[in-house]
Amino acid sequence: MAYYSKLLTILEIKYLAGHLYFEDRFSQLIRTYENKREAFPNPIEQVKRQSYHLSQILKMYKFDFIPIESLVVLTHPSAIIEASPTYKEAFEKVIKSHGLQQKFHDLSYKHTKSIFNQKQIKKLSKLLTKSNIPYDTDVCKLFNINKNELLSGVLCPNCTYSVMKYKWGTWSCLMCQESSKTAHIEALQDYAYLISDKITNRECKQFLHLDSSDQTNHLLRSLNLPISGSTKSRVYHIDKLLQDK
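For the structure given in this document, a descriptive report is provided here. The model shown is predicted, which means the values in this text are computed figures rather than measured ones.

1. Comments concerning the overall build of the chain
Item 1. Of regular secondary structure, the chain possesses nine helices and 13 strands.
Item 2. Looking at the chain as a whole, 40% of its 245 residues qualify as buried.
Item 3. Within the chain, residue pairs in contact and separated by at least 24 positions form 57% of the contacts whose partners lie at least 6 positions apart.
Item 4. Of the roughly 15600 Å² that the chain leaves accessible, carbon and sulfur atoms contribute 54%.
Item 5. Averaging the locations of the 34 positively and 24 negatively charged side chains of the chain gives two centres separated by 5 Å.

2. Some details on helix α3 (residues 100–110)
Count 3.6 residues to each turn of an α-helix, and residues three or four apart come out pointing the same way.
Item 1. All buried positions along α3 are accounted for by Leu 100, Lys 103 and Leu 107. For α3, the arc enclosing every buried residue in end-on projection is 60°, short of the 170-degree limit, so these residues lie on one face. Seen from the open side of α3, the exposed residues pointing more than 90 degrees away from its buried face are Gln 101 and Tyr 109.
Item 2. Of the surrounding elements, those touching the buried residues of α3 are β1 (8–14), β5 (68–74), α2 (88–93) and β7 (94–96).

3. What about the sheet that holds strand β11 (residues 198–199)?
Item 1. The antiparallel open sheet is built from three strands, whose spatial order is β11-β13-β12. Of all the strands in the sheet, just β11 and β12 (227–228) have a single pairing partner and so form its edges.
Item 2. Relative to strand β13 (residues 235–237), β11 runs antiparallel, the two sharing two bridges. What sits directly across from Lys 198, in β13, is His 237.

4. What about the sheet that holds strand β3 (residues 28–33)?
Item 1. Strands sit in the order β4-β3-β2-β6 across an open sheet of four strands; the sheet is mixed. Among the strands making up the open sheet, the edge pair consists of β4 (36–41) and β6 (80–83). The sheet shows a mean angle of 20° between the axes of neighbouring strands, direction not considered.

5. Re the packing of helix α7 (residues 201–208) against helix α8 (residues 213–222)
Item 1. Here α7 crosses α8 at 100°, and the two axes come no closer than 9 Å. Taken together, the axes of α7 and α8 lie roughly perpendicular to each other. Residues Asn 201, Cys 204, Lys 205 and Leu 208 of α7 form the contact with α8, whose participating residues are Ser 213, Thr 216, Asn 217, Leu 219 and Leu 220.
Item 2. Split into classes, the residues belonging to the contact of α7 with α8 amount to four nonpolar, four polar and one charged.

6. What to know about the packing of helix α6 (residues 183–194) against α7
Item 1. In contact at an axis separation of 11 Å, α6 and α7 are set at 115° when each is read in the N-to-C sense. Judged by the angle between their axes, α6 and α7 are roughly perpendicular. Here the hand of the crossing between α6 and α7 comes out right-handed. On the side of α6, the interface is formed by His 184, Ala 187, Leu 188 and Tyr 191, while α7 contributes Glu 203, Cys 204, Phe 207 and Leu 208.
Item 2. Among the residues forming the contact of α6 with α7, the class breakdown is six nonpolar, one polar and one charged.

7. A few points about the environment of Ile 199
Item 1. Mapped onto the fold, Ile 199 is located in strand β11.
Item 2. What makes Ile 199 buried here is its relative accessible area of 1%.
Item 3. A C-alpha to C-alpha distance of 18 Å links Ile 199 and Glu 149, two positions 50 residues apart in sequence.
Item 4. If sequence neighbours within four positions are ignored, Ile 199 has contacts with Leu 188, Tyr 191, Cys 204, Leu 220, Val 235, Tyr 236 and Ile 238.

Analysis parameters
Residue numbers here run from 1 along each chain, matching the order of that chain's written sequence. Since the coordinates come from a predicted model, pLDDT governs what is reported: local features require at least 70, and pairs of side-chain atoms require 80 or more to be given and counted, while whole-chain, interface and lining totals use all residues. Side-chain calculation: all heavy atoms of the structure are included, whereas hydrogens and water are not. Each helix is a run of H or I in the DSSP string that is no shorter than four residues. Each strand is a run of E no shorter than two, and both are numbered from the N terminus. The buried label goes to any residue with under 20% of its type's maximum accessible area, the exposed label to any with over 50%, and the partly exposed label to all in between, with areas taken from a 1.4 Å probe on protein chains only. Whether two residues are in contact is decided by their heavy atoms, any of which lying within 4.5 Å being enough. Per-residue accessibility takes into account occlusion by the displayed protein chains alone, with areas from the Shrake-Rupley method and a 1.4 Å probe. The charge count treats Lys and Arg as positive and Asp and Glu as negative. His and the chain ends do not count. To locate a charge, the coordinates of NZ of Lys, CZ of Arg, CG of Asp or CD of Glu are taken. Here, the arc refers to the directions that run from the helix axis to the C-beta atoms. Two strands are said to pair when DSSP picks up at least two bridges between them. The axes are straight lines fitted to the C-alpha atoms, using for helices just the contacting stretch, and the angles between their N-to-C directions are given from 0 to 180°. Should an angle lie under 35 degrees it is considered roughly parallel, over 145 roughly antiparallel, and from 65 to 115 roughly perpendicular; all remaining angles are considered oblique. For this scheme, ten residues count as nonpolar: Ala, Val, Leu, Ile, Met, Phe, Trp, Tyr, Cys and Pro. Four count as charged, namely Asp, Glu, Lys and Arg, and the remainder, Gly too, count as polar. By convention, the crossing between two helices is left-handed when the near helix turns anticlockwise from the far helix through less than a right angle, and right-handed when the turn is clockwise.

So this is what it looks like as structure tokens:
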């Protein structure tokens, strides 16, 4: 009996305990756990980007169009999930692991046309496996860009051209008065894409335009990044932020 696929599904799995709140204004996941409140990059945006990249691969290699659905699956049994009332995508895409089978059933009912046969599925599987190579982060070297010419600092997510100032745990824009607790994450993701997937305290202080090493140390530690090296030569591995993007 021939098997056909009606859709492709991308799952972003997160094992996070505590109270998880999906907030759409600044597109972030806020976790409250053991009396500590912290922000994470939004996994909904992450899995949407993965869906887009997959659709581009399908176009490039001339596969027939097939619907791509993306889901964020939260696997910790004690996690409590909430979302902004206006965040429609959170209610559509975020589920707990025990609801995965029913969600697959709903998506299969939503998409009724059979598209990929077994041969096409096998071809796509081989292509994706072959394409899974380590990312070369030195874009500046690739395109012969002087790293000193890159715009540094934390750019305001609202007016996009003003550099924000960090004070008392908050990034503030002097131009439009926008504020954010997590604006530095996107800046560090840009650093990882363009310069290096590793950063020192001194490099981070300089790139984010921070006033002190203590501020820099606090921000880097709050991201729970992998660390290598001793105290004086400590290096933070910010490629983890790309995995969360």
